[in-house]
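# Observations on the model geometry
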Amino acid sequence: MEIESNFSLKKYNTFGIEAKASQFVAVHSVTELKSVLENNKTQKKFILGGGSNMLLTKDIDALVIHIDLKGKKIIKENNDFVWVESQAGESWHEFVLWTIDQNFGGLENMSLIPGNVGTTPVQNIGAYGTEIKDTFASCEAMTIESQEMRTFTKEECRFGYRESIFKNEAKNQYVITSVVFKLTKINHKINTSYGDISSELAKNNITIPTLKDISNAVIAIRQSKLPDPKELGNSGSFFKNPILLKSDFEKIQQQFPEIKYFDISKTEVKVPAGWLIEKAGFKGKRFGDAGIHKNQALVLVNYGNATGQEILNVSKDIQETIFKKFGIHIEAEVNVI
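Notes on the structure follow. (Residues numbered from 1 in each chain as written. Predicted model: local features only at pLDDT ≥ 70, side-chain atom pairs only at ≥ 80, totals over all residues. Heavy atoms only, no water.)

Summing up its helical and strand segments, the protein chain has nine helices and 20 strands in all. Its C-alpha atoms give the protein chain a radius of gyration of 20 Å, near enough to 20 Å, the size a compact globule of 337 residues would have. Overall, the C-alpha framework of the protein chain stretches about 60 × 55 × 35 Å when taken along its three principal axes. By the burial criterion, 50% of the 337 residues in the protein chain qualify as buried. Counting contacts in the protein chain only where the partners sit at least 6 residues apart, residues at least 24 apart contribute 60% of the total. Counting every atom, the protein chain has about 16,200 Å² of accessible surface; 47% of that belongs to carbon and sulfur. With 41 positive and 41 negative side-chain charges, the protein chain shows a separation of 3 Å between the mean positions of the two kinds. (Helix = DSSP H or I, 4+ residues; strand = E, 2+ residues; numbered from the N terminus. Rg over C-alpha atoms; globule rule 2.2 N^0.38 Å. Buried < 20%, exposed > 50% of the residue type's maximum accessible area, 1.4 Å probe, protein only. Contact = heavy atoms within 4.5 Å. Areas by Shrake-Rupley, 256 points an atom, 1.4 Å probe, with all protein chains shown as cover. Lys, Arg positive; Asp, Glu negative; His and termini not counted. Charge placed at Lys NZ, Arg CZ, Asp CG, Glu CD.)

What follows is the structure, encoded as structure tokens:
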């Protein structure tokens with residue numbers, strides 16, 4: 001393992017932002033990770049996964065440790081379920097496709113989400129009516145300070161909407177090294193209720209969808225709306241969908257009767273942030289090389305040479321405009337560095 005200096009992170013973040021790490025090292029095993037942490041105790045550290053959920057607004061004056069642990073395996077199974085472990089550095093989408101090829105159900109609605117497996121519990125990522133917490137069994141993590149390994153159960157992760165213990169009390173304390181998912185072998189829970197999945201299936205005359213059919217539908221929908229980060233820098237959804245008390249929402253609804261929403265409990269509704277951004281007039285707008293995607297207002301993009309600060313400024317402009325127009329605060333889902 002060689003520690004490199006003044007290392008470009010352009011290829012290591014899906015926004016394609018040019019930023020430098022004062023020091024950089026990639027680790028390919030738990031042993032290598034332990035060694036790097038042990039030998040650089042006093043050094044400030046920055047843990048880097050797939051780089052899909054961050055916006056770099058400056059150079060990183062720290063030892064950037066890129067988690068590149070690979071491998072996946074079945075660790076136990078019974079007649080109904082299988083427990084599959086993936087190392088943190090595996091591509092999330094490739095891992096999802098592998099589970100579908102084995103006819104293991106539970107992750108198909110989260111096809112084509114960018115990033116690596118190790119960072120999925122941090123955000124409790126989700127799409128099309130499912131979240132990580134629905135299939136998460138446990139994860140292994142190394143304590144940065146002492147290099148001790150710890151297993152986190154689902155309960156200990158304290159999952160919420162795009163939330164977990166790793167974004168709160170345990171932030172910057174652990175490196176997730178592997179994740180275990182509990183997936184179905186039979187009686188798969190096919191979820192077609194969210195977004196455009198049912199219409200995509202109908203378009204293809206599919207009435208009894210398989211796991212692969214659901215995955216293909218999600219991929220088609222995402223590709224029609226979301227730019228490929230390899231072609232146009234982005235990090236997927238930039239903002240969270242705001243959750244409002246029904247009592248507050250009803251007041252807004254009186255002023256904007258066409259506002260879209262989903263009931264999530266007896267007292268709360270979720271409002272699609274993309275709808276708010278579109279109605280505020282930002283969809284497809286461009287500010288130099290920073291902009292809002294023409295097909296999906298939730299996605300901020302780098303048209304080539306935008307800086308992280310320029311993209312951040314656009315996001316702040318969107319937040320302020322939406323608050324003035326609707327009285328709703330939308331929060332960034334992306335980690336701003």
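Let's shift gears to the pairing of strand β6 (residues 72-77). Pairing between β6 and strand β7 (residues 81-87): five bridges, direction antiparallel. Bridging across to β7, Lys-72 finds its partner in Ser-86. Where β6 folds back on β7, the antiparallel hairpin that results is connected by three residues. (Pairing = 2+ DSSP bridges.)

The subject of this paragraph is unusual backbone geometry. Even without a glycine there, the phi angle at Asn-103 is positive, about 65 degrees. A positive phi is found at Asn-205, a non-glycine position, where the angle reads about 55 degrees. With respect to the helices, strands and loops of the structure, Asn-205 is situated in the loop between α5 (197-203) and α6 (211-225).

Under the criterion given, the structure shown has 19 salt bridges. Between Glu-77 and Lys-185 there is a salt bridge, and its shortest N-O distance comes to 2.7 Å. Here the residue Glu-77 occupies a position in strand β6, and Lys-185 occupies one in the loop between β12 (174-184) and α5, the gap between them amounting to 108 residues. Given a relative accessible area of 24%, Lys-185 falls into the partly exposed group. When the shortest N-O distance is used, the salt bridge between Asp-196 and Lys-225 registers 3.1 Å. Linking Asp-196 in the loop between β12 and α5 with Lys-225 in helix α6, this pair joins segments that are 29 residues apart in sequence. Residue Lys-225 is classed as partly exposed on the basis of its relative accessible area of 26%. Through salt bridges that share partners, Glu-131, Lys-133, Asp-134, Arg-162 and Glu-333 make up one connected network. (Salt bridge = Lys/Arg side-chain N within 4 Å of Asp/Glu carboxyl O.)

The next thing to look at is helix α1 (residues 30-39). Of the positions making up α1, those classed as buried are Leu-33, Val-36 and Leu-37. Projected down its long axis, α1 carries its buried residues within an arc of 95 degrees, all on one side. Summarising the geometry of α1, the exposed residues directed more than 90 degrees from the buried face are Thr-31 and Asn-39. Tucked into the core, α1 has its buried residues touching β2 (20-27), β3 (45-48), β5 (60-67), β10 (136-143) and β12. (Arc of directions from axis to C-beta.)

Before going further, it helps to spend a moment on the nonpolar core. If you look at soluble globular proteins, the nonpolar side chains tend to sit buried side by side. In this structure, Leu-9, Ile-259, Leu-276, Ile-277, Ile-311, Ile-318 and Ile-330 are the most contacted members of the largest nonpolar core, which totals 45 residues. Elements represented by at least two residues in this core include exactly β2, β3, β4 (54-55), β5, α7 (246-255), α8 (273-279), β18 (290-292) and α9 (308-326). Element by element, the count of residues in this core is highest for α9, at six residues. Beyond its immediate sequence surroundings of up to four residues, Ile-330 is in contact with Phe-239, Lys-240, Pro-242, Ala-273, Leu-276, Ile-277, Ile-318, Gln-319 and Ile-322. With 36 residues, the next largest nonpolar core counts Phe-95, Ala-141, Phe-152 and Leu-201 among its residues. (Core = buried A, V, L, I, M, F, W, Y, C linked by side-chain atoms within 4.5 Å.)

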